[in-house]
Amino acid sequence: MLLGLACLLGAPAGWAQSTTGVSEKDFLDDMPIVLSVSRMPQRLDETPGAVTILDRDFIRSSGARDVPDLLRLVPGFQTSMSFEADAPQASYHGVFGHYSGRIQVLVDGRSVYSTYVAGSVAPGLMSVALEDIERIEVLRGANSVAYGARAMLGVVNIVTRHSAATLGVNVRVNQGENGIKDTQLGLGWRLENSSMRLGIDQQGDDGLTGANGHNRVRRVNFRSDWRVSGNTDVQLRAGWMDIAAGRGFANNPLEPLRDTFYDSSFVQVDWNKVLSPEQDLALVFAHNQETYRDVAPFLLAPKVDFDFSGTASNDSLTAQHTLRLGQVVRMVWGAELRRESVKSLPVYNTSEPLVTDFSRLFAHAEWRIHPELLLNAGVMAEHSSASGSSLAPRLMLNWHVARGQTLRAGMARSFRPPSEFETSSDVRYSANGKVFGILYLARGNVVPESVLTRELGYYGNYAWLNSSLDVRLFDESMSGLIQATRYDAQIDGKPFTGLRDYVNGDSLTLRGIELQWTGRPWRGAQLGVNQSFTKLAFPSPPTKQDLRNTMPEAASNVFFSQQFPNGWGFSISHQNSNPFRLQRTGEYKQFITRTDWRLSKTLHFGRRAGEIALTVQNQGAAQADFYKSFAFERRAYVTLRLDN
């Protein structure tokens with residue numbers, strides 16, 4: 001089928017000849033460069049996997065207010081706008097639980113995985129204001145080979161804007177229905193051999209209808225780009241984020257209505273040196289600190305608090321060497337040391353920090369076997385002090401069958417280690433020195449999940465249509481899915497029933513196809529169409545029937561935008577999917593049918609430019625989100641933006 005697509009959608013008749021004599025320069029046309037898939041800059045048609053790029057134009061015209069709302073427009077992604085699981089979240093190929101922990105999210109190469117509670121990327125997705133983002137690269141498929149075990153099903157790399165591109169003052173304000181009140185201020189300045197940016201913003205709304213809403217996100221982010229010498233540069237990034245959100249259920253004494261607070265801060269230093277025209281060296285250090293406060297009265301026992309509060313931190317040091325070996329081989333190799341620590345007396349029944357150390361050694365090579373054949377090979381050896389050692393390999397062959405037509409085929413293995421909560425949680429309630437209730441008591445009998453991915457792909461770039469098509473056929477076999485279970489036990493001579501634990505449970509296989517077409521069919525227009533079809537297969541009947549509904553069997557997105565010569569602009573997107581279960585609703589399934597649109601007008605104030613826009617999200621019926629009684633209803637808001 002892929003070869004047929006290449007022939008059917010191929011170049012004009014003048015190209016219908018043998019490509020034996022084609023040189024490498026024939027494939028160096030204008031093509032997006034991807035930075036994050038194999039840790040080397042690569043053309044989009046030469047990456048070892050399917051990649052979606054969300055650029056600044058798309059981000060702005062989408063009308064989205066945060067990154068999770070953007071990712072719902074990426075093939076294979078499921079998203080939630082609820083703050084019930086810390087923050088709005090996104091997952092690829094399946095909603096298997098309350099948290100999204102099977103993809104890796106990077107911000108300028110720094111992992112923003114939250115080690116607290118069950119492990120999640122949701123808070124990290126909220127750590128950057130959209131105005132500061134240059135583009136988002138999404139690898140749809142396993143990538144533990146490049147970024148470690150948590151990149152089990154994919155990687156989202158958020159690339160922020162260079163500070164030299166954001167000089168002066170930038171202001172943005174959103175205000176509208178559902179209590180939407182967003183403000184953002186950016187300041188950029190230049191010093192000798194360096195440029196800097198400081199961004200301050202706040203995002204707030206009343207949350208989902210039916211939920212204990214009133215959500216607020218505050219952020220401060222700083223970036224400095226310093227050219228130390230002609231061949232050395234240093235980037236310094238630092239930031240702080242605070243999330244305050246209402247959570248809980250009025251009829252659930254174990255999860256009462258309450259306010260929760262999440263606070264994080266980070267610092268990251270990147271040192272890059274060009275050693276020669278053929279090689280360079282990079283060193284990266286990053287530190288992240290988290291504080292979580294979640295306290296409410298335990299309604300079943302007076303004078304006892306329901307408490308999930310605690311702190312967490314992580315530190316990482318990465319060294320990476322990129323080099324070219326002759327005319328046909330490029331490679332990158334390096335190592336990473338990472339330490340994760342979490343501390344919570346109410347969650348782990350100890351005041352001592354629980355520490356996990358990771359050591360990683362990786363290597364990736366790109367071998368141009370022939371001008372039309374490119375082999376990507378890589379391996380990651382990882383050791384975790386908590387879950388042992390793993391080896392994640394990947395092999396992918398890209399074949400340029402004709403000008404602008406590429407087929408790819410390969411396979412990869414990836415892993416996800418259990419979170420600290422899944423191995424060590426110990427949540428118990430006591431009064432007068434006696435334990436009267438235990439919610440979680442993990443026994444540590446859990447090992448990493450794994451996935452074996454087999455993939456066929458096609459990438460076509462059609463200059464005569466000013467468009468591109470990406471097709472991904474996948475077979476993802478997941479083994480040892482980590483699942484919650486219940487058991488009974490004697491604790492200190494007293495019987496307890498329904499204790500919650502985690503075990504390696506079901507295995508399953510996801511098979512399907514994803515198609516992504518993007519184009520600029522005429523001046524000022526951008527059109528995109530996504531379609532995915534997926535089937536789940538189980539080698540034996542699943543222990544829970546709701547696993548059969550972890551993702552929709554069919555889903556589609558259509559996006560169109562048009563910029564007019566008089567400064568007006570219009571964009572519209574429509575999302576549709578077959579039913580799949582929500583994070584918190586068991587076997588309850590929800591169709592997704594959502595339409596958003598945006599109308600904008602460019603403004604000029606002397607030498608300054610700006611924009612005023614009206615955005616309407618979910619123009620239609622309310623959509624259930626996270627829980628069957630939570631609804632994402634229509635939201636209309638006005639944006640006023642002023643750029644330097």
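You'll find the structure just up there.
Residues numbered from 1 in each chain as written. Predicted model: local features only at pLDDT ≥ 70, side-chain atom pairs only at ≥ 80, totals over all residues. Heavy atoms only, no water.

**Student:** Got a minute to help me understand the packing of aromatic side chains in this structure?
**Tutor:** One pair of aromatic rings is described through two measures. These are the centre distance and the angle between the planes. Following the criterion strictly, the structure yields eleven aromatic pairs and no others. Plain terms: the ring middles of Phe77 and Tyr92 are 5.2 Å apart, the flat faces sit at 40° to each other, and that makes the pair tilted. Of the two residues, Phe77 sits in strand β4 (residues 77-80) while Tyr92 sits in strand β5 (residues 89-92), which places them 15 residues apart along the sequence. Ring pairs connect the aromatic residues Phe249, Tyr627 and Phe630, which therefore count as one cluster. It is Arg150 that lies over the ring of Tyr113; its NZ or CZ is 3.8 Å from the centre. Here Arg360 stacks its cationic end above the ring of Phe358, 5.2 Å away from the centre of that ring. (Phe/Tyr/Trp six-rings, centres within 6.5 Å; stacked < 30°, edge-to-face > 60°. Helix = DSSP H or I, 4+ residues; strand = E, 2+ residues; numbered from the N terminus. Lys NZ or Arg CZ within 6 Å of the ring centre and 35° of its normal.)

**Student:** Sorry, what's going on with a nonpolar patch on the surface here?
**Tutor:** Together, Val173, Phe564, Trp568, Leu599, Ile612, Leu614, Val638 and Leu640 give the surface a local cluster of nonpolar side chains, amounting to about 630 Å² of exposed area. Residue assignment for the nonpolar patch shows that the elements contributing at least two residues are β36 (608-617) and β39 (635-643). Relative to the helices and strands, Trp568 resides in strand β34 (residues 568-581). (Patch = residues over 30% accessible without salt bridge, like charges linked within 9 Å, V, L, I, M, F, W, Y side chains within 5 Å. Areas by Shrake-Rupley, 256 points an atom, 1.4 Å probe, with all protein chains shown as cover. Salt bridge = Lys/Arg side-chain N within 4 Å of Asp/Glu carboxyl O.)

**Student:** In this structure, what is going on with the sheet that holds strand β6 (residues 104-107)? I would like to understand it.
**Tutor:** Adjacent strands of a sheet pair through backbone hydrogen bonds, lying either parallel or antiparallel. Spatial ordering of the open sheet is given by β3-β8-β9-β6-β7, a layout of five strands whose pairing is mixed. The sheet is open, and its two edges are formed by β3 (50-55) and β7 (110-111), each paired on a single side. Examined bridge by bridge, strand β8 (residues 133-140) and strand β9 (residues 154-160) share seven bridges and lie antiparallel to one another. Within β9, the residue paired with Arg135 across the bridge is Val159. (Pairing = 2+ DSSP bridges.)

**Student:** Could you clarify how one ought to interpret the environment of Val447 in this entry?
**Tutor:** Mapped onto the elements of the fold, Val447 is located in the loop between β26 (434-441) and β27 (449-462). For the pair Val447 and His574, spaced 127 residues apart in the sequence, the C-alpha separation amounts to 40 Å. Once residues lying within four places of it in the same chain are set aside, the contact partners of Val447 are Pro418, Ile482 and Asn504. (Contact = heavy atoms within 4.5 Å.)

**Student:** Could you clarify how one ought to interpret the pattern of salt bridges in this entry?
**Tutor:** Side chains carrying opposite charge are able to pair once their charged atoms draw close together. For the structure on display, the rule yields 48 salt bridges. A salt bridge links Arg416 to Glu449, with the nearest nitrogen and oxygen atoms 3.1 Å apart. Separated by 33 residues along the polypeptide, Arg416 in strand β24 (residues 405-416) and Glu449 in strand β27 bring together distant segments of the chain. Taking relative accessible area as the criterion, Arg416 reaches 3% and is therefore assigned buried. (Buried < 20%, exposed > 50% of the residue type's maximum accessible area, 1.4 Å probe, protein only.)

**Student:** What is the right way to read the pairing of strand β33 (residues 554-563) from this model?
**Tutor:** The pairing of strand β32 (residues 525-537) with β33 spans nine bridges and is antiparallel. If you follow Ser532 over to β33, its bridge partner there is Ala555. Looking at chain direction, β33 and β34 are connected through nine bridges and run antiparallel. By the bridge assignment, Gln563 is partnered in β34 with Gly569. Turn length for the β33-β34 hairpin, with the two strands adjacent in sequence and antiparallel, is four residues, and the turn residue Gly567 shows positive phi of about 95°.

Purely geometric stuff here, so don't read any function into it on its own.
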